Amino acid sequence: MWLKPEEILLKNAFKLWVTEKGNDYFVLQRRRGYGEGGGGLTGLLVGTLDTMLDSTSKVAPFRILHQTPDSQVYWSIACGGTKEEISQHWEWLEKNIMRTLSVFDSSDDITSFVQGKIRGLIAEEGKVSCVQEDDPEKFREALLRFEKWFDLPQKEKLVTYYSCSYWRGRVPCQGWLYLSTNFLSFYSYLLGSEVKLVISWNEIWRLEKTSNVILTESIHVLANGEDHFFSMFLHLNETFLIMEQLADYSIKRLFDKETFQEEPSLSDPLQITKRYCLETHARNEQFRAFFRLPKEENLLEVYESFLWVPFSHFNTLGKICLSESYLCFASQDGSQCHVIIPMREWFVHRALIVCVRGKRALRFSEVRDFERLANAIRKRCGMTASPQHSDNPEEVALMVGQKDSSKAVSTEALMTVFHPQDTENLDPKMLKEKMKEQSWNIHFSEYGRGTSMFCTKKTRDLIVRGIPEALRGELWMLFSGAVNDMATNPGYYSELVDQSLGTSTLATDEIERDLHRSLPEHPAFQSDTGISALRRVLTAYAYRNPKIGYCQAMNILTSVLLLYAKEEEAFWLLVAVCERMLPDYFNRRIIGALVDQAVFEELIRMHLTQLTEHMTDLTFFSSVSLSWFLTLFISVLPIESAVNVVDCFFYDGIKAILQLGLAVLDYNMEGLISSHDDAEAVTILNKFFDNVTNKDSPLPQTVQQNSVGNNDKASSISKVDVSDLIKEAYEKYGDMKSEEVESMRKRNKLYVIQTLEDTTKQNVLRVVSQEVKFSASQLDELYVLFKVVLLHHDPSLAYLEQYQLGFHQFSLLFSLLEPWSLCSGKDTLFLWAFRLLDENQDGLVNFKEFCVCKLTNFNCIYDILLTVSDLPEDGVIRKSPERGRGKVDLQAYLKQWQDEILKKEESIKDLPRINQAQFIQFSKTLYNLFHSDPEEESLYRAVARVTSLLLRMEEVGRRLQEPTSPQKSSTSPIQAALEGALPDGEASSTPESSSDTPSTPITQEAGSIPQEVEWSFAFEQILASLLNEPVLVRFFERPVDIQARLDHAKCAQLKSKTNK
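Everything quoted here is computed from the prediction, not taken from an experiment.

Taken in spatial order, the five strands line up as E1-E5-E4-E3-E2 in an open sheet, and their pairing is antiparallel. The strands lining the two open edges of the sheet, one partner per strand, are strand E1 (2-8) and strand E2 (17-22). This sheet shows a mean twist of 30 degrees between the axes of neighbouring strands, independent of strand direction. Note: strand E4 (residues 62-66) against strand E5 (residues 74-80), five bridges, orientation antiparallel. Looking at E5, one finds that His66 is bridged to Trp75. Across the sheet, helix H2 (residues 83-96) lies against E1, E2, strand E3 (26-31), E4 and E5, angled at about 130 degrees from E5, the strand it touches most.

Another aspect to go through is the pairing of E4. Burial analysis of E4 places five of its five residues in the buried class, which makes it a mostly covered element. Alternating residues of E4 divide into Phe62, Ile64 and His66 and Arg63 and Leu65, and every residue in both groups is buried. Of the pairings in the sheet, the one linking E3 to E4 comprises five bridges and is antiparallel in character. For Phe26, the partnering residue across the bridge sits in E4 and is His66.

Moving on: the side chain of Arg747. Of note, Arg747 is situated in helix H30 (residues 738-768). A relative accessible area of 17% places Arg747 in the buried class. A distance of 2.3 Å separates a polar atom in the side chain of Arg747 from a polar atom in the side chain of Glu602. Arg747 has contacts with Arg206, Leu207, Glu208, Glu244 and Glu602, leaving out every residue within four places of it along the chain.

Further remarks concern the pairing of strand E14 (residues 314-322). For E14, a buried count of seven out of nine residues is recorded, marking the element as mostly surrounded by other parts of the structure. If you look at the hairpin formed by strand E13 (residues 301-309) and E14, you'll find four residues sitting between the two strands, and His313 has a positive phi there, around 60 degrees. Note: E14 against strand E15 (residues 326-331), five bridges, orientation antiparallel. Bridge pairing in E15 places Lys319 opposite Ala330. From the end of E14 to the start of E15, which pair antiparallel, there are three residues.

What the seven strands build is an open sheet, ordered E9-E8-E7-E6-E12-E11-E10; its pairing is antiparallel. The two strands at the open ends of the sheet, each matched to only one other strand, are strand E9 (193-200) and strand E10 (204-210). Taking each pair of neighbouring strands and ignoring which way they run, the sheet shows an average axis angle of 30 degrees. Inspection of the sheet shows strand E6 (residues 158-168) paired to strand E7 (residues 171-180) by 10 bridges, in the antiparallel sense. For Ser165, the partnering residue across the bridge sits in E7 and is Gln174. Along the sheet, helix H5 (residues 136-149) makes contact with E6, E7, strand E8 (183-190) and E9, crossing E6 at roughly 60 degrees.

A separate point is the nonpolar core. One finds Phe479, Met554, Phe586, Trp628, Phe650 and Leu665 to be the most contacted residues of the largest nonpolar core, which totals 135 residues. Here this core takes 10 residues from helix H20 (residues 567-581), the largest share from any one element. When residues no more than four places from it in sequence are discounted, the contact partners of Phe479 are Arg292, Trp440, Met453, Cys455, Thr459, Ile463, Ile467, Phe650 and Tyr651. Listed in part, the 36 residues of the second largest apolar core include Tyr166, Leu207, Ile251 and Ile591.

Turning our eyes to something else, we now look at the packing of helix H21 (residues 591-607) against helix H23 (residues 619-631). Packed helix pairs are specified by the crossing angle of their axes together with the interaxial distance, meaning the distance between the axes. Where H21 meets H23, the closest approach of the two axes is 9 Å, and the angle between their N-to-C directions is 125 degrees. Classed by the angle they form, the pair H21 and H23 counts as oblique. Here H21 and H23 pass one another in a crossing that is right-handed. Contacts between H21 and H23 involve Ala593, Asp596, Gln597, Phe600, Glu601 and Ile604 from the first element and Thr619, Phe621, Ser622, Ser623, Ser625, Leu626, Trp628, Phe629 and Leu630 from the second.

A few words now on the confidence of the model for the protein chain. Here the protein chain averages 75 in pLDDT, and 71% of its residues register 70 or above. Predicted confidence is poor over residues 127-133, with pLDDT under 50, and the contacts of this stretch with residues over four places away or in other chains come to seven contacts. Considering only residues more than four positions removed or in separate chains, one finds that residues 984-1012, a stretch of pLDDT under 50, has 40 contacts.

On to unusual backbone geometry. Here the phi dihedral of Arg292 falls at roughly 55 degrees; this positive angle occurs in a residue that is not glycine. Secondary-structure assignment places Arg292 in the loop between helix H8 (274-291) and E13. Look at Arg292 and you get buried, because its relative accessible area is 14%. If you check the backbone angles, Leu632 has positive phi at about 55 degrees while not being a glycine. Along the chain, Leu632 turns up in the loop between H23 and helix H24 (639-652). Classification of Leu632 as buried rests on a relative accessible area of 0%.

Conventions and cut-offs
- Residues numbered from 1 in each chain as written.
- Predicted model: local features only at pLDDT ≥ 70, side-chain atom pairs only at ≥ 80, totals over all residues.
- Heavy atoms only, no water.
- Pairing = 2+ DSSP bridges.
- Helix = DSSP H or I, 4+ residues; strand = E, 2+ residues; numbered from the N terminus.
- Axes fitted to C-alpha atoms, helices over the stretch in contact; angles between N-to-C directions.
- Contact = heavy atoms within 4.5 Å.
- Buried < 20%, exposed > 50% of the residue type's maximum accessible area, 1.4 Å probe, protein only.
- Polar contact = N/O pair within 3.5 Å; in protein donor to acceptor, adjacent residues only side chain to side chain.
- Core = buried A, V, L, I, M, F, W, Y, C linked by side-chain atoms within 4.5 Å.
- Parallel < 35°, antiparallel > 145°, perpendicular 65-115°, else oblique.
- Left-handed = near helix turned anticlockwise from the far one by under 90°.
- pLDDT = per-residue confidence, 0-100.

Below is the structure:
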């Protein structure tokens, strides 16, 4: 089979391999110990070693290497288990590749071409194998085994399964790994020993690929404090990718339900499949991230093709990627060339020539499935009307920009207004600036300009040197993909500005507070022009994305964007940063920044080993580097130097920030190692940043930020030019790939989120434990049960308010825990209990409120009955306006907090009296509670005696107050109330109640009470009457096994669990 090209040191392999065939570019080799002759003693040893190794470590007996005549480097490109298999690959190379290689001039071009071709063949083989693996019959058998071995909900969806080994200590257990939407499951049965493992995706803290002496390659899972290792996969990378996606989606469904609004198939776990959901979604995300496209774009079709590159004068091999509105191309030969062609700017002149606005054509050749691609392009050309052509970039910007722009919106970059370039000024810095502009103009003439510009290594080299001031806004828009967002949403920003104008929310209050803290030393933000533009952009974005709203550091970033981009462009740049390039950065928990800090720590351990040996605890760098990531070094570097960092960020993403962070620590290595404490280390870094300059910056001294107050000290420290620092970062750490960074992000995201959740849990349990009598372990288990059924999760709220249940979820959990959940009329009881706990009437109950509800306490039942009169007639709970929306009254929150602190312990004297309707419902509730109890009959009779006694006491008291009142009916109203309180049949079947009550016939309808009679009972009266009945006292004082209820709830919850 074809292999991903890897470099081989051939001189070390002479004793293990024998060359069978060879030419100028390829070598076919056989491993000693195989084939004819066997290779003597050496071959015997090699063959024995290969036989003893497991299947994941075995070396194929045949291989093909690629070489060039003037190079000592060899690349493995194919391997085979038989002579026939490797001979087929060899014949294909001679027939299809050898003739083409003769046209190349250099060895590097030959190697790049061969590598690209082999990668294309691997991709094609992957497509075929993927189709062959989908065997419905085998999957059906696996599903039956999955349902048989694991007692999981019937609706649990099996996604895929793999054969592997699970390691128990040093003993491997061969079995099957099943990956479903909610669980990772493993089963093994060998020699009478059964191994069964079920792990919820929500419980996983770490998921990573590892290798050690025993395990050549394995998958490590850390869950609930235990390490689990799986190895011996046939397709380890595919398995790990599926596991990573399922764990990520499970976390998002739990903590960020809004993420999948545009992906219905992923939001519903029952619709998730391996091939059509997980793989497609991952491919779309990778496609959008690489080409910086809007989130609406999806990868529809991929074609292998050659593209004529005019600046290099040769065809480069790559892939054509077609989406709804874009045709993209990325090379696969190592040239790092890619181009994006928006549908709005092209039309097809011929089947293989795409003409782009600006009189430039892109020529594709040797396209696989040519007819299908041509038809797809023609179809999209017909669907979308091409706008008028223009060669002027300014006209293009106007065309795709805002429609009917509001007069209040600024149409110029602030740097243009407050620091216009003096064309007559020919000082050295301005001359260098003009030379930079000329270099970019030459680049534009060769590589194109605008959205269809070729991006290559030369483009990155120009960016590392610094983008000219006049082109910075245009290129930021291009490299970030914001130009595409703005082009597809004309007039959107102006509408947002009009809609958000005058709104008053918590976000707008915070924005107003921070407006004058945004680059206050810059003249642009010392005037109303800059402040107003900053206010409009931040307010419009908060209106667009209320989930983020406004967070600190957004003002600093937006200020810099406004300096070099027009107001609408700055808004779309902010959208690109917050929603695409730095996801989850700008929220209350800054999860994205914490994840990247964890990645940064991992990179420090990999590249700066000397520093890690001296400072074993790297959390110091996390606290120091937080502002680096949140503000892209803007808050620590002078503005004239920081913009060069932003240049690199918009081209290379977070990779540029990580590289620069490593370079900063490397530059200060000696000082950091010799520092005695964290404060001294911080001082060293701050002095370094103060002395980072931009010697080529054309900005005047009034705009530049120089270190103030440290001139004497700064003069003794050598200055560092930001261009040199960035260049050093790319030279030392530029081999870091974006795919590796994304992989590290995913690996650390689980740990960061679980750490935050554990911190939240510990804070909640610490508060709640002071008010309940549960043990620490019981409270912990109850918290886990509470999270499983939760409806509402908002991490921006206080700890206690982050997890809350609606009535339906409350009823589900309440019924699993309460000892009286089997009583008749339980739904009504649950409704009243929820109403009592929901003090702020927002339709949600938090964990603290849930824990303090103890229905084994008679006082709680009495409180519940007091809420009956407050319920709406239809009994439906309606939510009050959601908190967090609109302006928040902070004074009211402070007063409520003070009242809770000063609140005294409730006594029975504070409980109000219950009226007639509440007393009737109270009696019915007591009867319902005794359902299925062993002493049910005795309890019924005891309640009848209690209610009869209370009614008689009330009637006697009323007669004493009105001694001359005549009897108007043969049946007293209180007797009628008693009849209405008893369940059907109880009045006639309970001898005590019939003997204690008057024997006169009942002439009024049961339960009817004349309006003129008003009576009520105090809690002391009811309690005293209940204490006279031993059977009732035993019932309410009966101990409840809390641990047994929790264990029952966990089992029942697992069987009935469904993700909503």
